[in-house]
Amino acid sequence: MSIRVTLDRVLLDRRMSLTELGERVGITLANLSILKTGKAKAIRFSTLEALCRELQCQPGDILIWDEEDNADTGSIGAAAE
Amino acid sequence: MLMRALGQGSLSSVLKILVDAAWVAACAALGFIWLIAAISLVAQLAGGELKAGVLGEISIHGAGNLVSWTVVGSIVCLGVMAISSLLRGVFETLVAGDPFVPENAVRLRKISMALAGLELARLFVGPVINLLMHDGGELTLRFATNFVVWGAVLVLIVLSQVFDEGARLREDQKMTI
């Protein structure tokens, strides 16, 4: 799968730490790290909604489809493939 | 009131104790078989035959009978020990509350193979040893299969695939944020 999570870039733009985001959306730091490093296999709409609400962005700002990127870290499901 | 299936104090924790008891009983039976075999060997070397009356009559006469009795008995005991230790692993995950792990699928597959192996051994090993070591007396070969065992083998294979799929779904769920 070549869906890449660009959460770190958005967080940098918003000058927000992962811990602060976790507190705001009610997700543990461990789970946010799994998402950020691309080890997650799926993301719930409710999680995506909470992230977009707190980061004031669109889903497309945190998730991008990259045809070239099949095995790099930062791709959802890449760790399982 | 129905007992819980998972966790401490559940039905699984009770069954785990029964499985442990089965393992100990199989160990004891294996020791008993070898003891009887040794006594029988001594009796046959002295020109007699063994007739014992423990839990029904055991009568061992002739080398073929002795070898088949010992080999089949040992295989059955070792099979029961292997199956009970595999079942113990399954019940441990049930007691821990997370049975859908890939290891359980492997364990169930191994149990099905052990069960099939035991049934094949029961069917063929005894008669074949008797045939090979036949010393001229009356020879009776029985190949009566037990369809309940083969049904259990099939059910275990299907269950192992269910656990495979369950473990995959569990892993997906764990990694869903």
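As the structure is a prediction and not an experimental result, all values here were calculated from the model. (Residues numbered from 1 in each chain as written. Chains lettered and ligands numbered in written order. Predicted model: local features only at pLDDT ≥ 70, side-chain atom pairs only at ≥ 80, totals over all residues. Heavy atoms only, no water.)

Asks: What should I look at first to understand the overall build of chain B in this one?
Replies: Helix and strand counts for chain B stand at 4 helices and 2 strands. Tracing chain B from N to C terminus, the helices and strands come up as α-β-β-α-α-α. The proportion of buried residues among the 177 residues of chain B is 34%. Pairs at least 24 apart in sequence give 68% of the contacts found in chain B among residues at least 6 apart. (Helix = DSSP H or I, 4+ residues; strand = E, 2+ residues; numbered from the N terminus. Buried < 20%, exposed > 50% of the residue type's maximum accessible area, 1.4 Å probe, protein only. Contact = heavy atoms within 4.5 Å.)

Asks: Sorry if this is basic, but what is going on with the interface of chain A and chain B here?
Replies: A common way to express how large an interface is: the accessible area buried when the components associate. Between chain A and chain B, the contact holds 11 residues from the first and 5 residues from the second. Regarding the contact of chain A and chain B, the summed buried area is about 760 Å², with carbon and sulfur atoms giving 62% of it. Of all residues in chain A, K41(A), A42(A) and R44(A) bury the most surface against chain B, accounting for 58% of the area lost on that side. The shortest N-O distance in the salt bridge between D172(B) and K41(A) comes to 3.4 Å. At the junction of chain A with chain B, the criterion picks out 5 residue pairs in polar contact (both at pLDDT 80 or more). A total of 3 residues in the side of chain A that touches chain B trace back to one element, the largest contributor, which is helix 3 (residues 29–36) of chain A. Taken together, the residues of the side of chain A that touches chain B sort by class into 6 nonpolar, 2 polar and 3 charged. (Buried area = accessible area lost by both parts, 1.4 Å probe. Salt bridge = Lys/Arg side-chain N within 4 Å of Asp/Glu carboxyl O. Polar contact = N/O pair within 3.5 Å; in protein donor to acceptor, adjacent residues only side chain to side chain. Nonpolar A, V, L, I, M, F, W, Y, C, P; charged D, E, K, R; others polar.)

Asks: I'm lost on the packing of aromatic side chains in this one. Help?
Replies: For any pair of aromatic rings, the description rests on two quantities: the centre-to-centre distance and the angle between the ring planes. All names here are of chain B. This structure, assessed with the given rule, holds 1 aromatic pair over all chains. Consider the rings of F100 and F163, whose centres lie 5.1 Å apart with planes at 35 degrees: the pair is tilted. Here F100 is found in the loop between helix 2 (63–96) and helix 3 (102–132), whereas its partner F163 is found in helix 4 (residues 147–174), with 63 residues between them in sequence. (Phe/Tyr/Trp six-rings, centres within 6.5 Å; stacked < 30°, edge-to-face > 60°.)

Asks: What am I meant to see in the side chain of T176(B) here?
Replies: The topology assignment puts T176(B) in the segment after helix 4. Of the polar contacts made by the side chain of T176(B), one reaches the backbone oxygen of D172(B); its length is 2.6 Å. Other than its neighbours up to four places away in sequence, T176(B) contacts A42(A), I43(A) and R44(A).

Asks: Would you mind going over the packing of helix 2 (residues 18–25) of chain A against helix 4 (residues 45–55) of chain A with me for this structure?
Replies: For any two helices packed against each other, one specifies the crossing angle of their axes together with the interaxial distance. All names here are of chain A. Close contact between helix 2 and helix 4 brings their axes to 10 Å; oriented N to C, the two are set at 115 degrees. The interaxial crossing formed by helix 2 with helix 4 has right-handed handedness. Contacts between helix 2 and helix 4 involve L21, R24 and V25 on the former and, on the latter, A50, L51, E54 and L55. (Axes fitted to C-alpha atoms, helices over the stretch in contact; angles between N-to-C directions. Left-handed = near helix turned anticlockwise from the far one by under 90°.)

Asks: Just checking my understanding: could you explain the environment of L18(A) for this structure?
Replies: All names here are of chain A. Relative to the assigned elements, L18 resides in helix 2. Take L18: its relative accessible area is 15%, and that puts it in the buried class. For L18 and L7, which are 11 residues apart along the polypeptide, the C-alpha to C-alpha distance reads 9.2 Å. When sequence neighbours within four positions are dropped, the list of residues in contact with L18 reads L7, L11, L29, L32, S33 and K36.

Asks: Looking at this model, I keep getting lost on the packing of helix 3 of chain B against helix 4 of chain B. Mind explaining?
Replies: All names here are of chain B. Relative orientation of the contacting elements helix 3 and helix 4 amounts to 170 degrees, with a least axis distance of 7 Å. When the axis of helix 3 is compared with that of helix 4, the two are roughly antiparallel. Once helix 3 is placed against helix 4, the crossing between them reads as left-handed. Seen from helix 3, the contacting residues are P102, N104, A105, L108, R109, I111, S112, L115, A116, E119 and L120; seen from helix 4, they are V149, W150, A152, V153, L156, I157, L159, S160, F163, D164 and A167. Among the residues forming the contact of helix 3 with helix 4, the class breakdown is 16 nonpolar, 3 polar and 3 charged. (Parallel < 35°, antiparallel > 145°, perpendicular 65-115°, else oblique.)

Asks: I'm lost on unusual backbone geometry in this one. Help?
Replies: When glycine is set aside, most residues are seen to have a negative phi, and most peptide bonds are trans. Residue and element names in this part refer to chain A. The residue R15 is not glycine, and still its phi comes out positive at about 50 degrees. Within the secondary structure, R15 is located in the loop between helix 1 (7–14) and helix 2. Even without being a glycine, Q56 presents a positive backbone phi close to 50 degrees. Turning to its location among the elements, Q56 is positioned in the loop between helix 4 and helix 5 (59–62). Its relative accessible area of 64% is what places Q56 among the exposed residues.

Asks: What should I look at first to understand the pattern of salt bridges in this one?
Replies: Side chains bearing opposite charge may pair, as long as their charged atoms lie close to each other. With the rule as written, the count across this model stands at 13 salt bridges over all chains. Among the salt bridges present, the one from E119(B) reaches R122(B), with a minimum N-O distance of 2.8 Å. Taken together, the positions of E119(B) and R122(B), both in helix 3 and 3 residues apart, correspond to about one turn of that helix. Put simply, E20(A), R24(A), R53(A) and E54(A) are held in one network by salt bridges that share partners.

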